[in-house]
Amino acid sequence: MAYISMTEPGVARGPHEHKKQTDYFCFLGPSKFKVYLWDNRRKSGTYSTCQVEVVGVDRPMALIVPPGVVHAYKNIGSEPGLVFNCPNRLYKGAGRKDPVDEIRHEAEVRTPFLLD
């Protein structure tokens, strides 16, 4: 599966995570994005660590996000930006018959996954 999404300036997507899905994001431009990654895998050596990167037109980047890593991105540029994603699983599985593999954190009142 693959898709391209356009994100307007100031708009954020996420934070969310997957139980089984790995995402393969490409931030190409023509805008800039702030990407947030929180390791939510309890057995990981980097558990609860947050990494923030600015990527896009000035710093194109491909990024692999494994299951259990909470992720979000925000367009911090002045124009719409494109993001390409090629996850390793079909959305809702073959025939769109499976539950969506997402744990959404956007609406949580007390969340450690905050965007600045």
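To keep things clear, this report deals only with the structure shown in the data block. None of the values given here were measured: they were computed from a predicted structure.

The rules behind these values
Residues numbered from 1 in each chain as written. Predicted model: local features only at pLDDT ≥ 70, side-chain atom pairs only at ≥ 80, totals over all residues. Heavy atoms only, no water. Phe/Tyr/Trp six-rings, centres within 6.5 Å; stacked < 30°, edge-to-face > 60°. Helix = DSSP H or I, 4+ residues; strand = E, 2+ residues; numbered from the N terminus. Buried < 20%, exposed > 50% of the residue type's maximum accessible area, 1.4 Å probe, protein only. Pairing = 2+ DSSP bridges.

## Some words on the packing of aromatic side chains
Summed over the entire model, instances satisfying the criterion amount to 7 aromatic pairs. Seen from their ring centres, phenylalanine 27 and tyrosine 73 are 5.3 Å apart, and the 80 degrees between their planes marks the pair as edge-to-face. Placement of the pair is phenylalanine 27 in strand β3 (residues 23-29) and tyrosine 73 in strand β7 (residues 69-75), with a sequence separation of 46 residues. For the pair phenylalanine 27 and tyrosine 73, one class covers both residues: buried. Between tyrosine 36 and tryptophan 38 the ring centres are 5.8 Å apart and the planes differ by 10 degrees, which places this aromatic pair in the stacked class. Accessibility assignment for this pair places tyrosine 36 and tryptophan 38 in one class, buried. Taken together through their ring pairs, the aromatic side chains of Phe25, Phe27, Phe33 and Tyr73 make up a single cluster.

## Focus on the sheet that holds strand β2 (residues 12-17)
Read from one edge of the open sheet, 5 strands run β5-β4-β7-β2-β9, paired in antiparallel fashion. Edge positions in the sheet fall to β5 (50-56) and β9 (103-104), since each of these pairs with one other strand and no more. Taken together, the 7 bridges between strand β4 (residues 32-39) and β7 define a ladder with antiparallel strand orientation. Its bridge partner lying in β7, leucine 37 is registered against histidine 71.

## Focus: unusual backbone geometry
In this structure, the amide linkage connecting glycine 14 to the following residue, proline 15, adopts the cis form with an omega of 10 degrees. Looking at the element boundaries, proline 15 is found in strand β2. In this chain, glycine 29 is followed by proline 30 through a cis amide linkage whose omega measures 0 degrees. Inspection of the secondary structure assignment puts proline 30 in the loop between β3 and β4. A positive phi angle, near 65 degrees, is found at lysine 92, a position not held by glycine. Along the chain, lysine 92 turns up in the loop between β8 (81-85) and β9.

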